[in-house]
Amino acid sequence: MTTLTAPASDSRADFINAAAQLLGSKGFSQDPEDLDGWLTDWRGQYSGRAFGLASPASTQEVAALLKLCASHRIAIVPQGGNSGMAGGATPDDSGNALLLSLRRMNAIRSLDCDAGQAVCEAGVILQTFHEAAEAKGLRFPLTLGGKGSATIGGLISTNAGGTQVLRHGTMRSQVLGVEAVLADGSIFDALTVLKKDNRGFDLKQLMIGSEGTLGIVTAATLRLLPAPTARATAWVGLASITDARTLLQRVDRALGDTLEGFEVVPAHCLDSVLDHLPDARSPLGERHEWNALIECVATEGDDAALRDRLQNALATAAEEGLLADAVLATSESQAEELWTLRDSISAGERARGPAMQHDISVPVERMPEFILEASPQIEEEWPGTTVAAFGHLGDGNVHFHVLAPDGATPGKWERSEGKAISAKVYDLVTQWGGSISAEHGIGQMKVDELGRLGDPVALSMMRAVKDALDPLGILNPGKLVPSPEMSKGD
């Protein structure tokens, strides 16, 4: 795999002059104030340096810029909303990279109600796209807590998940076509949607989840669904994670055509949110070891009818002893209040102190067993830590956070005990046949661990694709694709 070397100073000076002429004052800057906010990831875990910020306004400008970068061997770090969770959009500290922002490319080129499709540029904010679809009586079926800053390009490059994967799948399932610029400046145009197309590899899939290492996604054709006419949301108190899994199966059988979200929240996580949000209150009268947030959505009928179906399913489960208490939202505002509790878990835990955050998955049916076995192993090996596993139980994906002991020094703890804890968690996940990254990507955070634990054949295939599409190694170097030295058995 190609290792990129820094360009000679005169070559960089020539590049800067050419890039400034190509993109103009709005499209190219070396002003430290313009770069400052984009050199650190939003969680503050990764910081780097860059010699410039490029903000092209069109696919053609991206293509011309990448051709220029290739000729001068300039490393490119593409960035959307800078809301990633694995340091994938943050440059290293060498100062040799160019930040490539696609935030100026924020047009919704078309929105076809009859076809249920829209063509969006990479810089479109997710929430903006939601609002545009809703104005046409349609819906984009992917959402997450960072929807106010996450961009379509970033969501595609990380194959984002969110809270609706249970029914609709990840971003990969929403992308019908892709436009991308390759490392040599050529434009890969696969925006046109065909139901059947057998002309070889489905090349657009290479771009989805590739974290900007194979090409720069500039636009995509996305699927849209009819806007829902009914919504039912419930918060349920449970005695165990095993009961939560059983309840998920029962609700799925009763409302499987409408079940869209099933999020689990342990008591510790809810406590952190209630401490963090001054106006928040517990949905239930008593404290429960586990909670579930259930969301059902339908495109026929009304709220009352769907709420009755969910209430009946929960009543039956209560009779069987699966749940201790439950409350159903009776309005949109109440439903949003319940989701605010779920979406505020990371912020609430961050306010409590350092933590190692792991976005992992195991086979869906084994997740309760994994949590019950892995949590005490970690807490016993590192006394004083607390494991908080929450999230998308129906997808086999939870956020397995390990909170530091009281008094731990932020920064120091993560680099010492925290690093060892993460290695142990990833070892356990691999032993259980799972993935060390369910929805947040690999970035720079997990690239060493992927090299250590990944299948050698799969890693060799990834490197072969990277070398073929980016032979100079200029696209997001050091992210996602482990070098051969990192890999076991290579």
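Model, not experiment: these values are computed from the prediction.

Trainee: An account of unusual backbone geometry is requested, with residue identities and associated values reported.
Mentor: Most peptide bonds take the trans form, and the phi angle of most residues other than glycine is negative. Positioned with a positive phi, Arg73 is a non-glycine residue whose angle comes to about 55°. One can find Arg73 in the loop between helix 3 (59-72) and strand 3 (75-79). The class for Arg73 is partly exposed, based on a relative accessible area of 31%. Not every positive phi belongs to a glycine, and Asn476 is a case in point at roughly 45°.

Trainee: Please give an account of the packing of aromatic side chains that cites residues and values.
Mentor: On inspection of all chains with the given rule, the structure shows four aromatic pairs. Each ring, one from Phe370 and one from Trp432, has its centre 5.4 Å from the other, and the planes form 85°; the classification is edge-to-face. One end of the pair, Phe370, is in helix 14 (residues 367-381); the other, Trp432, is in the loop between helix 15 (412-431) and helix 16 (447-453), with 62 residues separating them in the sequence. Judged by relative accessible area, which is 11%, Trp432 ranks as buried. Taken together, Phe370, Phe400 and Trp432 form an aromatic cluster joined through their ring pairs. Lying over the aromatic face of Phe51, Arg12 brings its terminal NZ or CZ to 4.7 Å of the ring centre. The ring of Trp38 is capped by Arg103, whose NZ or CZ atom sits 3.5 Å from the centre of that ring.

Trainee: Tell me what's going on with helix 17 (residues 456-469), and back it up with residues and numbers.
Mentor: Helix length check: helix 17, at 14 residues, gives a terminal C-alpha distance of 20 Å against a target of 20 Å (1.5 Å per residue), a fit within 8%. Residues of helix 17 that are buried: Leu459, Arg463 and Lys466. Relative to the axis of helix 17, the buried residues are bounded by an arc of 60° and lie together on one face. Opposite the packed face of helix 17, turned more than 90 degrees from it, sit the exposed residues Val457, Met461 and Ala468. The elements touched by buried residues of helix 17 are helix 16.

Trainee: Please give an account of the nonpolar core that cites residues and values.
Mentor: The biggest cluster of nonpolar side chains holds 59 residues, and the ones touching the most others in it are Leu247, Ile294, Leu310, Leu314, Phe370, Ile378 and Phe400. Other than its neighbours up to four places away in sequence, Leu247 contacts Val236, Leu238, Phe262, Ile294, Leu314, Ala317, Leu322 and Leu323.

Trainee: Which residues make up the packing of helix 9 (residues 241-255) against helix 14, and what values do they have?
Mentor: Contact geometry for helix 9 and helix 14: axes closest at 9 Å, N-to-C directions at 170°. When the axes of helix 9 and helix 14 are compared, the pair comes out roughly antiparallel. Counted together, Ile241, Thr242 and Arg245 of helix 9 and Pro368, Ile371 and Leu372 of helix 14 form the full contact between these two elements. Tallied by class, residues from the contact of helix 9 with helix 14 come to four nonpolar, one polar and one charged.

Trainee: Account for the sheet that holds strand 8 (residues 175-181), with residues named and values stated.
Mentor: Strands pair in a sheet through their backbones, by hydrogen bonds, and they do so in one of two ways: parallel or antiparallel. In spatial order, the strands read 5-6-10-8-9; together these five strands make up an open sheet with antiparallel pairing. Single-partner strands in this sheet number two, and they are strand 5 (108-112) and strand 9 (187-190). Taken over all neighbouring pairs, the strand axes of this sheet differ in orientation by 15° on average, direction set aside. In terms of strand pairing, strand 5 meets strand 6 (residues 117-121) through four bridges, oriented antiparallel.

Trainee: Account for the pattern of salt bridges, naming residues and giving values.
Mentor: As enumerated under the stated definition, the model contains 19 salt bridges in all. One salt bridge connects Glu179 with Arg109, and the closest N-O pair in it is separated by 3.1 Å. In this pair, Glu179 is assigned in strand 8 and Arg109 in strand 5, connecting sequence segments 70 residues apart. Assessed through its relative accessible area of 7%, Glu179 is described here as buried. Put simply, Glu336 and Arg231 hold a salt bridge, and the shortest N to O gap is 2.9 Å. Note that Glu336 is positioned in helix 12 (residues 332-343) and Arg231 in strand 12 (residues 230-238), a separation of 105 residues in sequence. You can call Glu336 partly exposed: its relative accessible area is 38%. The class for Arg231 is buried, based on a relative accessible area of 15%.

Trainee: With reference to specific residues and values, describe a negative patch on the surface.
Mentor: A surface patch of like charges, here negative, comprises Asp31, Glu33, Asp34 and Asp36. Its place among the elements puts Glu33 in helix 2 (residues 32-36).

Trainee: Tell me what's going on with the pairing of strand 13 (residues 259-266), and back it up with residues and numbers.
Mentor: Counting buried residues along strand 13, eight of its eight residues qualify, which places the element largely inside the surrounding structure. As paired strands, strand 13 and strand 14 (residues 290-298) are joined by seven bridges and run antiparallel to one another. Looking at the pairing, Gly261 lines up with Glu295 of strand 14. Relative to strand 17 (residues 386-392), strand 13 runs antiparallel, the two sharing two bridges. Considered in strand 17, the bridge of Glu263 is made with His392.

Quick notes on the rules
Residues numbered from 1 in each chain as written. Predicted model: local features only at pLDDT ≥ 70, side-chain atom pairs only at ≥ 80, totals over all residues. Heavy atoms only, no water. Helix = DSSP H or I, 4+ residues; strand = E, 2+ residues; numbered from the N terminus. Buried < 20%, exposed > 50% of the residue type's maximum accessible area, 1.4 Å probe, protein only. Phe/Tyr/Trp six-rings, centres within 6.5 Å; stacked < 30°, edge-to-face > 60°. Lys NZ or Arg CZ within 6 Å of the ring centre and 35° of its normal. Expected span 1.5 Å × (residues − 1). Arc of directions from axis to C-beta. Contact = heavy atoms within 4.5 Å. Core = buried A, V, L, I, M, F, W, Y, C linked by side-chain atoms within 4.5 Å. Axes fitted to C-alpha atoms, helices over the stretch in contact; angles between N-to-C directions. Parallel < 35°, antiparallel > 145°, perpendicular 65-115°, else oblique. Nonpolar A, V, L, I, M, F, W, Y, C, P; charged D, E, K, R; others polar. Pairing = 2+ DSSP bridges. Salt bridge = Lys/Arg side-chain N within 4 Å of Asp/Glu carboxyl O. Patch = residues over 30% accessible without salt bridge, like charges linked within 9 Å, V, L, I, M, F, W, Y side chains within 5 Å. Areas by Shrake-Rupley, 256 points an atom, 1.4 Å probe, with all protein chains shown as cover. Lys, Arg positive; Asp, Glu negative; His and termini not counted. Charge placed at Lys NZ, Arg CZ, Asp CG, Glu CD.

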